[in-house]
Structure formats: C-alpha cells, structure tokens
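Listed here are the chains, written in short residue letters.
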Amino acid sequence: MKRNNKRKRILALLLFGALLVTTACSPASGSEAEKEDDGKIEIGITFDTFILERWQRDRDVFVSAAEELGATVNVQNANGDIDEQINQIDYFIQKGMDAIVVIQVSDDEKTLRGAITRAHNAGIPVISYDRLVLDANVDLYISFDNEKVGKLMAEHMLSHLGTTANIVQICGPLSDNNVSMVMDGFEAATEDSGFSILETDFCTGWISEYAFEYASDYLDNNPAPDGFMCGNDALAGNVIKALSEAQLAGDVCVVGQDADLDACQRIVEGTQCMTVYKPIEKLARRAAELSVALAEGKRILSVTNRINDGTYDVPYETITPIAVTAENMDEVITGNYHEEEDIYLNVRKTDNETEK
C-alpha cells in the first residue's frame, strides 16, 4: 500500500512542482522522488521557535520516538516567521514527505490554510501539534486539554486567594487558538466566584518581555492585584520580575504553564504559586506514533473526539495536564522532568549559607 501511495504522491508532486515557484528551496527532482520511494517513512516537522525551553524537548522526544518506529524526521525552525513556515511546508511537499507536522507560528494577519491545502492536494496528511491550525481541515490535532489548563489555574487561585479576588490576565496572542481555550477554562471555573478580571493583555508572538512592560505599567498606575494569571511560565517570569522591582514578589499569586525549570525554581522559592505541567514526552511520543500511522495510510480509529477549527470538525487527541505547586513538586516533577539539584539550586544555596 505504501508503494502505491508513493506513486500517487509522486504524480501529485510533479503537478505541484509545475505550479509552485518558490525561492526558499529547489523543487524536488525525479531522482529525489525515486530515492524516497524506499519504503521508509519520512516526516517533516516545522516548529514555531526553539526559544522556549519546552519546544526543544518536544523536538528531541518526537524525533527519538519516530526513529524508534523506523521513520526519519526532517526538522525545520520557522523562528516565529509565518512566511518562513509556509516555505518550509512547501519544501516538505516538494521533498515528498509522507506526513507533515506543524507547530503553527501565531500570526494575526496570515494563515497556513493554503499551504496545508497544497499538502493535501499532494496526498500528504498534516498534523497540527499543540496549536490548532484554523479553517484548514488538518488530518489530526493533538494537544493538551487546554481548557483544563485554564481550569487548573483557576482552581489553584481559588484555593489560594479565596472566592473573591482581583485578577490581571497576561496571555499569549489570540492568533494562537490555545489562548482562547485556556481563557475559556479559567472563566468557566471562576464564573460563580467573586473573581474580578481587572485587565487582560495579550503578548504578540508570545514575546515574554511584553509581560514585564504590561505588569510594570499596571503596578505603576494601580494598586497591586491579588493575582496574575499568565499564559505561560515565560510570561510569569517577567511578571515576577516586575513584582520584584515593586517589592511585591511572593505577595501576589502568579500562575503559569509549561513547568519550565526556572518556574519550578520560583515555585520552591515562593515567588510563583503554581504552574501547569504538560507531559511533553507523552504528547510528543503519541504524536510521533499517530504521524507514522497516518503516513502509512492507516485510519486512526482510537481518536474519537472532534474539535471545530472554525470550518471543519477535525480529529482531536488530548493529553491531560497536571497542576504543580511546591507541595507536589517532588511527586510530579523531580526526577521525571527536572532534576532535584536543579529545581532546588537557589533554595539549597540559601540554606547552606544560613547554616554557616
């Protein structure tokens, strides 16, 4: 079946190559197409960026898991540029990849819909990883339960602050569909409480320095809120930097997500209240398994959930996130995601100095 699929794909690629003109990469030649028809699965994966710690982990686990399944992976980094990501998808099409995995660049003006349509026309399945590509009818979307992420943030703040509190939200860009889902989960969990959302800001392109600017401006012009709900740990870190400058770090509840090492350090130090741990190894391994299966032309009968991308209902696999605080840090994170000596590095240094 795979060889027949390859022949069909090669014909589609010839048509595609006649229509597509791109300066990003040279068109696939006949020899390249023949070289790829060796029965080995080839997967192209394009990342938004590797600036954030977690994306490097996703890459390493995905590549390792795919190779264990007998596939090879071509990794590309768009560096936050959606035009570059479009070029990379077109490059994968020209190379005759058996499947394409996309961690979408968030952009308010442009979409990947056209590139994904070209991939489908070439007979290549496309998987949205972590972020859903809207209006594109991808073959699979795999991510964490993002509404659950927002719910876990809200539940912690409710338990920490009580049912009445003033909250400032500093989120990622709305062009990232996950942002709305996290906010929806947070709102649903707090709608019957006395929580008041004083202000909501959105950091274009997930640029974490904007969080410092927003938080600093807010603290300069308003009384400190009871808590900051942050879109991820990088944003939370910059909010805590602003709180530190205002001598308020540790007095204001700050929550985030991703369980970055520096966030876990802040939690045990007492400046960040909690983070949401998303088991990246589980997500990346499962994504690799499903990508290989789709590349082989298999139907994914185990994925029964659907999510609407704005136009289409697409298959949706979710991974359950976990709330992490100082109380369950060792149970969930230590030795599983980060090492003990790294998490407690700053706390132990202080303790040793005190003992001396």
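Refer to the preceding data block for the structure.
Residues numbered from 1 in each chain as written. Predicted model: local features only at pLDDT ≥ 70, side-chain atom pairs only at ≥ 80, totals over all residues. Heavy atoms only, no water.

As for the overall build of the protein chain
Reasoning step 1: The secondary structure content of the protein chain amounts to 14 helices and 13 strands.
Reasoning step 2: Put simply, of all contacts in the protein chain between residues at least 6 apart along the chain, 75% involve residues at least 24 apart.
Reasoning step 3: Summed over its atoms, the accessible surface of the protein chain is roughly 16000 Å², and 45% of this surface lies on carbon and sulfur atoms. (Helix = DSSP H or I, 4+ residues; strand = E, 2+ residues; numbered from the N terminus. Contact = heavy atoms within 4.5 Å. Areas by Shrake-Rupley, 256 points an atom, 1.4 Å probe, with all protein chains shown as cover.)

Some remarks on the sheet that holds strand 7 (residues 194-202)
Reasoning step 1: The six strands are arranged 7-6-8-9-10-13 in an open sheet whose pairing can be described as mixed. With partners counted over all chains shown, the strands left at the sheet margins are strand 7 and strand 13 (322-324), one partner each. For this sheet, the mean angle separating the axes of adjacent strands, direction not counted, is 20°.
Reasoning step 2: As paired elements, strand 6 (residues 164-171) and strand 8 (residues 227-230) share four bridges and run parallel to each other. Its bridge partner lying in strand 8, I167 is registered against G227.
Reasoning step 3: Helix 6 (residues 146-161) rests against strand 6, strand 7, strand 8, strand 9 (253-257), strand 10 (274-277) and strand 13 of the sheet, and its axis sits at about 160° to strand 9. (Pairing = 2+ DSSP bridges. Axes fitted to C-alpha atoms, helices over the stretch in contact; angles between N-to-C directions.)

So, helix 6
Reasoning step 1: Between the first and last C-alpha of helix 6 there are 23 Å, a value that for 16 residues agrees with the 22 Å anticipated at 1.5 Å per step.
Reasoning step 2: Buried within helix 6 are the following residues: N146, V149, G150, L152, M153, A154, H156, M157 and L158.
Reasoning step 3: Immediately beyond the C-terminal end of helix 6, within one or two residues, lies G162, with a positive phi of roughly 90°. (Expected span 1.5 Å × (residues − 1). Buried < 20%, exposed > 50% of the residue type's maximum accessible area, 1.4 Å probe, protein only.)

Side note on the sheet that holds strand 4 (residues 126-129)
Reasoning step 1: Read from one edge to the other, the open sheet built from seven strands follows the order 2-1-3-4-5-12-11, with strand pairing classed as mixed. Every other strand in the sheet has two partners, leaving strand 2 (72-77) and strand 11 (306-308) as the edge strands with one partner each. Here the strands of the sheet are splayed against their neighbours by 25° on average, with no regard to which way each runs.
Reasoning step 2: Taken together, the three bridges between strand 11 and strand 12 (residues 313-319) define a ladder with antiparallel strand orientation. For R306, the partnering residue across the bridge sits in strand 12 and is P315.
Reasoning step 3: Sheet strands in contact with helix 4 (residues 82-94) are strand 1 (42-47), strand 2 and strand 3 (99-102), and its direction is about 175° off that of strand 1.

Concerning the nonpolar core
Reasoning step 1: Judged by nonpolar contacts, the single largest core of 46 residues is most densely connected at I43, F62, Y129, M329 and I333.
Reasoning step 2: For this core, the elements supplying multiple residues, two or more each, are strand 1, helix 3 (53-68), strand 3, strand 4, strand 5 (140-144), helix 10 (261-269), helix 11 (280-295) and helix 12 (329-332).
Reasoning step 3: Apart from residues no more than four positions distant in its own chain, I43 is found in contact with F62, A71, T72, V73, N74, M97, A99, V101, S291 and V292.
Reasoning step 4: Listed in part, the 38 residues of the second largest apolar core include V182, Y218, L235 and C273. (Core = buried A, V, L, I, M, F, W, Y, C linked by side-chain atoms within 4.5 Å.)

A few points about the packing of helix 8 (residues 209-221) against helix 9 (residues 233-245)
Reasoning step 1: At a minimum axis separation of 7 Å, helix 8 and helix 9 run at an interaxial angle of 35°. As for how helix 8 packs across helix 9, the hand of that crossing is right-handed. Facing E209, A211, F212, A215, S216 and L219 of helix 8, the residues of helix 9 in contact are L235, N238, V239, K241, A242, L243 and E245.
Reasoning step 2: Across the contact of helix 8 with helix 9, the residue classes tally to eight nonpolar, two polar and three charged. (Left-handed = near helix turned anticlockwise from the far one by under 90°. Nonpolar A, V, L, I, M, F, W, Y, C, P; charged D, E, K, R; others polar.)

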